[in-house]
Amino acid sequence: MFEHIPSPMLERMQELERLDAQDRTDGTPRLDRLRQIPPETGKFIALWLAASPPGSCIEIGTSAGYSALWLALACRATDRRLTTFEVLSTKVRIARETFSAAGVEDLVRLVHGDFLDRSAEIGPVGFCFLDAEKEAYAACYEAVVPRLVPGGILIADNAINHGEVLQPMIDAAVADARVDALVVPIGKGELVCRKV
Ligand SMILES: C[S@@+](CC[C@H](N)C(=O)[O-])C[C@H]1O[C@@H](n2cnc3c(N)ncnc32)[C@H](O)[C@@H]1O
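The notes below deal with the structure included here. On a predicted model such as this, the values are computed, not experimentally measured, just so you know. (Residues numbered from 1 in each chain as written. Predicted model: local features only at pLDDT ≥ 70, side-chain atom pairs only at ≥ 80, totals over all residues.)

We now examine the packing of helix 1 (residues 7-23) against helix 4 (residues 89-102). Each pair of packed helices gets described by two things: the angle between the helix axes and the distance between those axes. Direction vectors running N to C along helix 1 and helix 4 enclose 145°, while the axes themselves pass 8 Å from each other. The residues of helix 4 that touch helix 1, namely those facing Pro 8, Met 9, Arg 12 and Leu 16, are Thr 98, Ala 101 and Ala 102. (Axes fitted to C-alpha atoms, helices over the stretch in contact; angles between N-to-C directions. Helix = DSSP H or I, 4+ residues; strand = E, 2+ residues; numbered from the N terminus. Contact = placed C-beta atoms within 7 Å.)

Encoded structure:
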């Protein structure tokens, strides 16, 4: 899966990595920044998607589509498709460019809208990557967990670097009898939940 990343995909990933690094140092306003996951987190979520049970694969928080490219790699390897939700039109425009340049439009469906308004559309979920505004995590978690199939996976980003905001939600997930949950210290900290 990682050894043979098609060159249009690899080139777009590298371009987004450069833009993201630049954003973090040149004073770009927060809402305009890409705020992407690092590559090791990309590999981590791709491995989990590839190992997840049948059901839809979704992402909440597309930004420019960088994490979606990692998930698309896993979708290609397992003959699945990803639906990714993004609320900001500026980000939707860049993500469309990403998916076209990377040649993954057959693997990725981009939905422009607030996930919390669209969650009824998703059906049974095999895999979900949650990377939206941290204040929305608890509501997104509650929208997704009842829809996870048995063995279904939900991974939430920023469980360590935004620990102060997310701690109540993390504590609730760890105590939630519907899932087994653990924070993994990779990247910015990933909360991994598996539906029992
Ligand atoms: C941290 S960035 C996502 C980065 C992306 N996952 C990546 O690693 O390439 C968060 C994105 O989520 C979007 N967002 C926030 N709340 C959302 C919601 N409720 N529904 C859909 N998108 C949302 C923001 O506009 C922003 O572009």
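Our next topic: the packing of helix 2 (residues 39-51) against helix 3 (residues 66-78). Direction vectors running N to C along helix 2 and helix 3 enclose 30°, while the axes themselves pass 8 Å from each other. Taken together, the axis directions place helix 2 and helix 3 in an arrangement best described as roughly parallel. The way helix 2 lies across helix 3 gives a crossing that is right-handed. Residues Gly 42, Lys 43, Ile 45, Ala 46, Leu 49 and Ala 50 of helix 2 pack against Ser 67, Trp 70, Leu 71, Leu 73, Ala 74, Ala 77 and Thr 78 of helix 3. In terms of residue class, the contact of helix 2 with helix 3 is built from 9 nonpolar, 3 polar and 1 charged. (Parallel < 35°, antiparallel > 145°, perpendicular 65-115°, else oblique. Left-handed = near helix turned anticlockwise from the far one by under 90°. Nonpolar A, V, L, I, M, F, W, Y, C, P; charged D, E, K, R; others polar.)

Sheet topology places strand 4 (residues 125-130) next to strand 5 (residues 148-156); 5 bridges connect them, and they run parallel. Looking at the pairing, Leu 130 lines up with Ala 156 of strand 5. Running through helix 6 (residues 137-144), the crossover from strand 4 to the neighbouring parallel element strand 5 is right-handed. In this structure, strand 5 lies alongside strand 7 (residues 190-195), joined through 4 bridges in antiparallel fashion. Of the residues in strand 7, the one forming a bridge with Ile 153 is Arg 194. (Pairing = 2+ DSSP bridges. Right-handed = clockwise from strand over helix to strand, strands pointing away.)

Moving on, we get to the pairing of strand 6 (residues 179-184). Side-chain positions along a regular strand alternate between the two faces of the sheet. Pairing between strand 6 and strand 7: 6 bridges, direction antiparallel. The residue bridging Leu 182 from the neighbouring strand is Val 192, located in strand 7.

Okay, the sheet that holds strand 7 next. Pairing is mixed in the open sheet, where 7 strands are placed in the order 3-2-1-4-5-7-6. Lying at the two open borders of the sheet, with one neighbouring strand each, are strand 3 (108-112) and strand 6. Averaged over neighbouring strand pairs, the angle between their axes works out to 15° when direction is ignored. Against the sheet, helix 7 (residues 163-174) makes contact with strand 6 and strand 7, and its axis sits at roughly 135° relative to strand 6, the strand it touches most.

Residues in close proximity to the ligand total 20 residues, the closest being Gly 61, Ser 63, Tyr 66, Ser 67 and Ala 132. Partitioning the shell around the ligand into residue classes produces 10 nonpolar, 4 polar and 6 charged. (Near = placed C-beta within 6 Å.)

Right, let's get into helix 1. In an α-helix, one full turn covers 3.6 residues, which means residues spaced three or four apart are oriented alike. Taking 1.5 Å per residue, 17 residues should reach 24 Å; helix 1 reaches 24 Å between its end C-alpha atoms and fits that length. Those residues of helix 1 lying buried are Met 9, Arg 12, Met 13 and Leu 16. For helix 1, the angular spread of buried residues about the axis comes to 105°, placing them on one side. Opposite the packed face of helix 1, turned more than 90 degrees from it, sit the exposed residues Ser 7, Gln 14, Arg 18, Ala 21 and Gln 22. Contacts made by the buried residues of helix 1 are with helix 3 and helix 4. (Expected span 1.5 Å × (residues − 1). Buried ≥ 20, exposed ≤ 12 C-beta atoms within 10 Å, placed from the backbone. Arc of directions from axis to C-beta.)

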